[in-house]
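Okay, here's what each chain looks like letter by letter:
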Amino acid sequence: KNQVEQSPQSLIILEGKNCTLQCNYTVSPFSNLRWYKQDTGRGPVSLTIMTFSENTKSNGRYTATLDADTKQSSLHITASQLSDSASYICVVSALVGGSQGNLIFGKGTKLSVKP
Amino acid sequence: DTEVTQTPKHLVMGMTNKKSLKCEQHMGHRAMYWYKQKAKKPPELMFVYSYEKLSINESVPSRFSPECPNSSLLNLHLHALQPEDSALYLCASSQNSWGANTGELFFGEGSRLTVL
């Protein structure tokens with residue numbers, strides 16, 4: 001069964017500190033992995049999208065890594081800011097039946113950045 | 001313009017009302033989606049339109065009726081909803097069908113629906 005597991009479920013850090021969020025998946029055949037940031041009550045916003053051949057991708061203070069062998073991804077946030085407080089969702093795309101795809105959502109990690 | 005615009009942002013309706021949620025994108029995307037998201041849960045796929053044709057219906061109750069008048073617009077017609085249908089309804093679009101391989105999936109801000 002295709003699944004995406006995220007940890008931790010929630011995280012509280014102080015402003016200025018770094019943190020790392022984890023995503024493990026059992027999705028096959030794998031197409032790509034995406035990280036989204038979702039503020040409470042708003043739509044998700046894409047941070048990164050990585051394919052099988054990409055190990056690391058950065059977007060400002062966000063750096064995502066992908067290990068396709070162990071089926072793990074991480075999202076590292078550097079020098080956190082209060083505006084980083086949000087849910088971070090890992091989404092893995094499976095290739096199903098040719099060009100049709102299937103997106104499997106993780107449950108998200110809720111990050112709170114405190115002053 | 002990389003926006004997906006949803007209206008209204010908030011909607012309160014009774015169980016006997018008929019209302020509609022609207023979604024618009026001008027990125028030339030040919031696939032559009034409706035998701036439902038309950039609090040503290042990930043989005044759940046409801047419908048997928050590909051080239052203005054309904055390609056996926058995830059066993060959604062008939063009280064939800066999607067419509068795609070043209071490639072830029074997506075509506076969700078609501079009728080005889082239940083209180084448990086209260087949720088954030090998200091519209092999304094991608095360049096091609098499903099956008100799964102390499103395409104980005106762009107989400108709107110969502111419509112917060114409350115059914116009394």
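Scroll up a little and you will see the structure.
Definitions and limits used
- Residues numbered from 1 in each chain as written.
- Chains lettered and ligands numbered in written order.
- Predicted model: local features only at pLDDT ≥ 70, side-chain atom pairs only at ≥ 80, totals over all residues.
- Heavy atoms only, no water.
- Helix = DSSP H or I, 4+ residues; strand = E, 2+ residues; numbered from the N terminus.
- Rg over C-alpha atoms; globule rule 2.2 N^0.38 Å.
- Buried < 20%, exposed > 50% of the residue type's maximum accessible area, 1.4 Å probe, protein only.
- Pairing = 2+ DSSP bridges.
- Axes fitted to C-alpha atoms, helices over the stretch in contact; angles between N-to-C directions.
- Salt bridge = Lys/Arg side-chain N within 4 Å of Asp/Glu carboxyl O.

(A) Structural detail: the overall build of chain A. Across its full length, chain A carries 0 helices and 11 strands. Its helices and strands in sequence order give chain A the pattern β-β-β-β-β-β-β-β-β-β-β, from N to C terminus. Taking 115 residues into account, the globule formula puts the C-alpha radius of gyration at 13 Å, and chain A, at 14 Å, falls close to it. Each principal axis of the C-alpha atoms in chain A carries an extent, and together these give about 50 × 30 × 20 Å. Residues counted as buried form 43% of the 115 residues belonging to chain A.

(B) The arrangement of the overall build of chain B in detail. For chain B, the count of helices and strands is 0 helices and 11 strands. Helices and strands appear in chain B in the N-to-C order β-β-β-β-β-β-β-β-β-β-β. Here the C-alpha atoms of chain B give a radius of gyration of 13 Å, agreeing with the 13 Å that 2.2 N^0.38 yields for 116 residues. With the principal axes as the frame, chain B shows a C-alpha extent of 40 × 25 × 25 Å.

(C) A look at the pairing of strand β1 (residues 3–7) of chain A. All names here are of chain A. Side chains of β1 alternate between two faces, with V4 and Q6 buried and Q3, E5 and S7 left unburied. Where β1 and strand β3 (residues 19–26) come together, 5 bridges link them in antiparallel fashion. Counterpart to V4 in the pairing with β3 is Y25.

(D) Quick peek at the sheet that holds strand β6 (residues 56–59) of chain A. Residue and element names in this part refer to chain A. On the basis of which strands lie adjacent, the open sheet formed by 5 strands has the order β1-β3-β8-β7-β6 and antiparallel pairing. Looking at which strands have only one partner, the edges of the open sheet turn out to be β1 and β6. Each strand of the sheet is rotated relative to its neighbour by a mean of 15 degrees, with strand direction disregarded.

(E) Expanded view of the sheet that holds strand β7 (residues 64–70) of chain B. All names here are of chain B. If you walk across this open sheet you meet the 4 strands as β1-β3-β8-β7, and the pairing is antiparallel. Here the strands that pair on one side only, and so sit at the sheet edges, are β1 (4–7) and β7. For this sheet the average axis-to-axis angle between neighbouring strands, irrespective of direction, equals 20 degrees. In terms of strand pairing, strand β3 (residues 18–25) meets strand β8 (residues 73–79) through 7 bridges, oriented antiparallel. Paired with C23 across the strands is L74, a residue of β8.

(F) Spotlight on unusual backbone geometry. In this model, S7(A) is joined to P8(A) through a cis peptide bond whose omega is -10 degrees. Within the element layout of this structure, P8(A) appears in the loop between β1 and β2 (10–14). Put simply, S28(A) and P29(A) share a cis peptide bond, and its omega is -5 degrees. Counting through the fold element by element, P29(A) comes out in the loop between β3 and β4 (30–38). Positive phi is not limited to glycine here, since E52(B) has a value of about 70 degrees. Note on placement: E52(B) falls in the loop between β5 (44–50) and β6 (53–57).

(G) Spotlight on the pattern of salt bridges. The full count for this structure, using the stated rule, is 6 salt bridges over all chains. Across the pair E54(A) and K57(A) runs a salt bridge, and its minimum N-O distance is 3.2 Å. We note a salt bridge from K36(B) to D85(B), for which the minimum N-O separation is 4.0 Å. Note that K36(B) is positioned in strand β4 (residues 31–37) and D85(B) in the loop between β8 and β9 (87–94), a separation of 49 residues in sequence. Side by side, K36(B) and D85(B) carry an identical accessibility label, which is buried. One network of salt bridges, in which partners are shared, links K36(B), R63(B) and D85(B).

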